[in-house]
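Read off the chains here:
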Amino acid sequence: MDLDSADSPWGDEPSHSPQAVGSSKSGADDATPEQSSQQASVQAPRSPARRGPRGTRKISAHATKLEAVDDTVDPLGPLGDKASETSPTATEQAPTPPQKEAFAGRNVRPTSSTSQASGTAGMADSVTLEEDGGGFHGPPPVQAPTEGEPSKRQSEPSMSLEKAANPTFDISVGDPHKVGDLTSSHIVYQVRTKTTSKAYRQPEFFVSRRYRDFLWLYNSMHNSNPGVVVPPPPEKQAVGRFDTNFVESRRAALERMLNKIAAHPILQQDGDLKIFLESETFNLDVKNKENREPDLGQNKGMFSSFGINVGGGGKFVEHDDWFHDRKVYLDALENQLKALMKSIDGVVAQRKGLAEAAGDFSGSLQALAAVELSPALSSPLYGLSDLQVRIRELYERQAQQDVLTLGITIDEYLRLIGSIKTAFSQRQKAYHSWHAAEAEMQKRKHTQDKLLRQGKTQQDRLNQVNADVADAERKVHQARLLFEDMGRLMRNELQRFEKEKVEDFKSGVETFLESAVEAQKELIELWETFLYQLDAGEDGAPFYAASGGNAPSQAGADEGNASASASVTEGEA
């Protein structure tokens, strides 16, 4: 009894563990050996050095655990038993038995290193470990949605690839302003780009460029894309380049140039276009590019990359009837467009002459009204003078519209024909390069045959000649392929040119006619308004209100006169 009372403090601690269940089932005599075993197991983690020779009590503790397994239905008996006593909700929320059977070996291995009665905290930790293990065993159902995510990721790139195959560009050239001093003054334009291409850092951006930057883009793209018709910039003009009308027409031409380049399936992927549209250090990037590629000079590019000479050669005789017919057609088209451009210039000059004449007429009427003493006459003269000022503005605006609608289209296609002729010249140079390479190959083959007839005395030289012949054959093959590829490419380019020409001229003529009709309507409205003011009474009432029943007939007569004048002006146009 003294021993029991001395050991009672140690017996009180395991009372919270599963020993309480064993003591309630057995008597007081059966609880004493279990308490001694619990004391040994509790002292084990406190003094592991003294616990070494008592290996048999580990086995007995393990046997007690096995008996606890037989008492419960759960395959992980002691773990489920202690978890049910410490945290009943843990066993209720524990994973299913098949998942625990896979981790059953973990319960035996920790109990061999630590005692069974290590406290409720240790068992709670083991429960959380097993719950974590059970939760870690559960990724298969969690991976099901993650397997679905790659399909979404694959669907999104497929759509982006479709968009990347045909990216859209919306380029506007605006805000022309003069910069620099008297000797280095020039016009700077703001180039704003909106694109769906993934090759650019942002979908919308803008840069500042001057005219020579546009000229660099044309020359660079033309040299690096032989056979492609590159839309050219407008021509240079030394006189009147700061005039408002000229700056506006050049701005519109540069905008059309960039949009046509960006709409081209080959040119839109050129790196020079990306530098031009996106680079904030344009001049530095251009210098770096020229330093990296010094051979990309005038009329080189793809030829020099193959090591092919692009000399001028003799006179070129076209052997393809299709290209010969296109050359004749382009020459005739160029002549007709030049004649049409001359006529448009005459029409624009006529509009400007009418505007100048209306301005002179307005000044004369105003001077006459100033010396007239009678207000009944001076007031209509002042009104007619103001009307002529508005007519002068209308003629000037119409002249500018003619230049920006049909005139700019004609000028653009005249420059495009020049670009096509440059592509023909590149094809001609490719043809001469091909035949020059064939002549060089024949010369080397002749040297090879000479050495073969001399025997094996000059074997080293023969090996060198054989290598030269192989290199010459390679150049001939590359030159022939380049010439044939340029021919196929130019066929597609000319077909594209014909299709775009029909659409652009149709749109240009429609816009020209619409602007002419709107100008004539505005002119008729100005004259009718002035006529109403003349027919108004002294009290300011309109003439048709005072005339009473004659108003419809008078209005009908005015409408007939207006329609007649409109038909006459349309016939003149």
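Residues numbered from 1 in each chain as written. Predicted model: local features only at pLDDT ≥ 70, side-chain atom pairs only at ≥ 80, totals over all residues. Heavy atoms only, no water.

Named according to an unreviewed UniProt entry, the protein chain is Sorting nexin 3 originating from Aspergillus candidus. Under the UniProt heading Sequence similarities (unreviewed entry), the note attached to the protein chain is "Belongs to the sorting nexin family." (UniProt positions renumbered as here; feature names shortened; annotations may be inferred.)

Novice: Whenever I open this one, the environment of E522 confuses me. Can you help?
Specialist: Within the secondary structure, E522 sits in helix 18 (residues 459-535). For E522, a relative accessible area of 32% puts it in the partly exposed group. Once the C-alpha coordinates of E522 and L394 are considered, the two residues, 128 residues apart in sequence, prove to be 8.3 Å apart. Among residues more than four places away in sequence, those in contact with E522 are L394 and R397. (Helix = DSSP H or I, 4+ residues; strand = E, 2+ residues; numbered from the N terminus. Buried < 20%, exposed > 50% of the residue type's maximum accessible area, 1.4 Å probe, protein only. Contact = heavy atoms within 4.5 Å.)

Novice: Explain the layout of surface pockets to me, please; I cannot follow it from the model alone.
Specialist: A water-sized probe rolled over the atoms picks out the places where empty space is left. By volume, the second largest pocket amounts to about 440 Å³. For the lining of the second largest pocket, the secondary-structure elements that each account for two or more residues are helix 12 (244-263), helix 16 (321-371) and helix 17 (375-454). For the lining of the second largest pocket, the element with the most residues is helix 17, which contributes six residues. Here the residues of the lining of the second largest pocket sort into nine nonpolar, five polar and six charged. (1 Å grid on protein atoms, 1.4 Å probe; cavity = no way out; pocket = protein on both sides within 12 Å on 5 of 7 lines; lining within 4 Å. Points joined across faces, edges and corners; volume = space filled by probe spheres on them. Nonpolar A, V, L, I, M, F, W, Y, C, P; charged D, E, K, R; others polar.)

Novice: What is the right way to read the environment of G271 from this model?
Specialist: The topology assignment puts G271 in helix 13 (residues 271-278). Along the backbone, G271 and M221 are 50 residues apart, and their C-alpha atoms lie at a distance of 9.0 Å.

Novice: How should I be thinking about the nonpolar core in this particular structure?
Specialist: Most often, soluble globular proteins keep nonpolar side chains buried together rather than apart. With 29 residues, the main nonpolar core has V191, F214, L217, L258, I261 and L277 as its most contacted residues. Elements supplying a minimum of two residues to this core: strand 1 (169-179), strand 2 (186-195), strand 3 (204-210), helix 11 (211-224), helix 12, helix 13 and helix 14 (282-292). For this core, the element with the most residues is helix 12, which contributes six residues. In contact with L217, other than residues within four places in its own chain, are M257, L258, I261, D272, L273 and F276. (Core = buried A, V, L, I, M, F, W, Y, C linked by side-chain atoms within 4.5 Å.)

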